[in-house]
Amino acid sequence: AQKVTQAQTEISVVEKEDVTLDCVYETRDTTYYLFWYKQPPSGELVFLIRRNSFDEQNEISGRYSWNFQKSTSSFNFTITASQVVDSAVYFCALSESSWGGATNKLIFGTGTLLAVQP
Amino acid sequence: DGGITQSPKYLFRKEGQNVTLSCEQNLNHDAMYWYRQDPGQGLRLIYYSQIVNDFQKGDIAEGYSVSREKKESFPLTVTSAQKNPTAFYLCASSTIYEGAGWIAFFGQGTRLTVV
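Conventions and cut-offs
Residues numbered from 1 in each chain as written. Chains lettered and ligands numbered in written order. Predicted model: local features only at pLDDT ≥ 70, side-chain atom pairs only at ≥ 80, totals over all residues. Heavy atoms only, no water. Helix = DSSP H or I, 4+ residues; strand = E, 2+ residues; numbered from the N terminus. Rg over C-alpha atoms; globule rule 2.2 N^0.38 Å. Buried < 20%, exposed > 50% of the residue type's maximum accessible area, 1.4 Å probe, protein only. Contact = heavy atoms within 4.5 Å. Areas by Shrake-Rupley, 256 points an atom, 1.4 Å probe, with all protein chains shown as cover. Pairing = 2+ DSSP bridges. Polar contact = N/O pair within 3.5 Å; in protein donor to acceptor, adjacent residues only side chain to side chain. Axes fitted to C-alpha atoms, helices over the stretch in contact; angles between N-to-C directions. Phe/Tyr/Trp six-rings, centres within 6.5 Å; stacked < 30°, edge-to-face > 60°. Core = buried A, V, L, I, M, F, W, Y, C linked by side-chain atoms within 4.5 Å. Patch = residues over 30% accessible without salt bridge, like charges linked within 9 Å, V, L, I, M, F, W, Y side chains within 5 Å. Salt bridge = Lys/Arg side-chain N within 4 Å of Asp/Glu carboxyl O. Buried area = accessible area lost by both parts, 1.4 Å probe.

Asks: I'd like to hear about the overall build of chain B, residue by residue, with values.
Replies: Regarding its fold elements, chain B presents 0 helices and 11 strands. Mapped in sequence order, the helices and strands of chain B form the string β-β-β-β-β-β-β-β-β-β-β. Computed over C-alpha atoms, the radius of gyration of chain B comes to 13 Å, within 12% of the 13 Å expected from 2.2 N^0.38 for 115 residues, which places it in the range of a compact globule. Counting all 115 residues of chain B, 50% fall into the buried class. Restricting to contacts in chain B with at least 6 residues of sequence separation, those with at least 24 account for 53%. Accessible area for chain B stands at about 5,600 Å²; split by element, carbon and sulfur atoms hold 48% of it.

In structure tokens form, the structure reads like this:
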């Protein structure tokens, strides 16, 4: 069975602190895709990153970085020097598999609510 | 601007009524999806469509219906058979080609409340 686990329900930090959001996934596929989305209070999910299972390089985009480790089935997201505008719910997602391999349907984790206090 | 438009933003339904949520996209995406979001449960897939005039049930399709008569539009009807319809509903679209990334883009959602 496929599953995405975001064990941290809520995290509260003070501005300028670094924070890591954990994502652990389960899949039997060798080819799959992982995603992170941000949901601000307005409600729309905003795409942050997509990573395929063959690319274990860490990625950095400004204050955001992602650590993908197949050995531990984790795809963690770190925000450096957090800001109040980072306050949102963050979702990790995994491409659902079918007999033909990975598909364009997503399995979402339950999300982590990040509150950044000024 | 390219994107996904959901309407209305807030919707109130009386017990026993059917209501329809609108979703329109101008991204020229083939695939469209409807998700339901409840507190603490993440997003669950209701229906999805990979092509016009075709759609498939997701994990929680009971009490919902959809149509896909145009590429741009994927309306969701919440029927009276849905026992607990109060939730936040999100529409999304994506390409169907793996090489293009399968990145799903979302609308701003419709908050449905049963009164």
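Asks: Got a sec to walk through the pairing of strand 2 (residues 10–13) of chain B? Specific residues and values, please.
Replies: Residue and element names in this part refer to chain B. Burial along strand 2 is one-sided: Leu-11 and Arg-13 are buried, while Tyr-10 and Phe-12, pointing the other way, are not. One ladder, built from 4 bridges, connects strand 2 with strand 11 (residues 110–114); its direction is parallel. When the bridges of strand 11 are listed, Leu-11 appears paired with Leu-112.

Asks: Help me get a handle on the side chain of Thr-77 of chain B, residues and values and all.
Replies: Residue and element names in this part refer to chain B. As for its placement among the helices and strands, Thr-77 is situated in strand 8 (residues 76–78). Since its relative accessible area comes to 19%, Thr-77 is described here as buried. Side-chain polar atoms of Thr-77 contact the side chain of Thr-20, separated by 3.0 Å.

Asks: Any details on the sheet that holds strand 1 (residues 4–7) of chain B? Residues and values, ideally.
Replies: Residue and element names in this part refer to chain B. Reading across the sheet, the 4 strands line up as 1-3-8-7 and stay open at both edges, with antiparallel pairing between neighbours. Edge positions in the sheet fall to strand 1 and strand 7 (64–66), since each of these pairs with one other strand and no more. Between one strand axis and the next, the sheet turns by 20 degrees as a mean value, whatever way the strands run. By the bridge criterion, 4 bridges tie strand 1 to strand 3 (residues 19–25) in an arrangement that is antiparallel. Residue Ser-7 lies in a different strand from strand 3, and its bridge partner there is Ser-22.

Asks: Account for the packing of aromatic side chains, with residues named and values stated.
Replies: Here the structure, examined in full by the defined rule, presents 19 aromatic pairs over all chains. Aromatic side chains Tyr-25 of chain A and Phe-68 of chain A sit 6.3 Å apart centroid to centroid with 45 degrees between the ring planes, which places their arrangement in the tilted category. Here the residue Tyr-25 of chain A occupies a position in strand 4 (residues 24–26), and Phe-68 of chain A occupies one in strand 8 (residues 64–69), the gap between them amounting to 43 residues. You can call Tyr-25 of chain A buried: its relative accessible area is 2%. Plain terms: the ring middles of Tyr-35 of chain B and Phe-106 of chain B are 5.8 Å apart, the flat faces sit at 40 degrees to each other, and that makes the pair tilted. Of this pair, Tyr-35 of chain B sits in strand 4 (residues 31–37) while Phe-106 of chain B sits in strand 10 (residues 105–106), placing them 71 residues apart in sequence. Given a relative accessible area of 3%, Phe-106 of chain B falls into the buried group. Through a chain of ring-to-ring contacts, the aromatic side chains of Phe-35, Tyr-37, Phe-47, Phe-91 and Phe-108 of chain A together with Tyr-33, Tyr-35 and Phe-106 of chain B assemble into a single cluster.

Asks: Can you lay out the nonpolar core for me, pointing to particular residues and giving the numbers?
Replies: By size, the foremost hydrophobic cluster in this structure holds 24 residues, and its most contacted members are Trp-36, Phe-77, Tyr-90 and Leu-114 of chain A. Grouped together as the second largest cluster of nonpolar side chains are 21 residues, Ala-31, Tyr-35, Leu-45 and Trp-102 of chain B included.

Asks: Could you give me a rundown of a nonpolar patch on the surface, with the residues and numbers involved?
Replies: All names here are of chain B. Among the surface-exposed residues, Tyr-10, Phe-12 and Val-115 lie close enough to one another that they form a single nonpolar patch of about 370 Å² accessible area. Examined against the element boundaries, Tyr-10 turns out to sit in strand 2. The class of Tyr-10 is exposed, set by a relative accessible area of 52%.

Asks: Go over the interface of chain B and chain A, please, and point to the residues and values.
Replies: Listed as interface residues are 24 residues of chain B and, on the opposing side, 20 residues of chain A. Around 1,800 Å² of area is buried between chain B and chain A when both sides are counted, 56% of it from carbon and sulfur atoms. Counting across the interface, chain B meets chain A through 0 salt bridges. Mapped onto the side of chain B that touches chain A, the elements with two or more residues apiece are strand 4, strand 5 (43–51) and strand 9 (87–94) of chain B.

Honestly, that's just the spatial picture; any functional story needs more than this.
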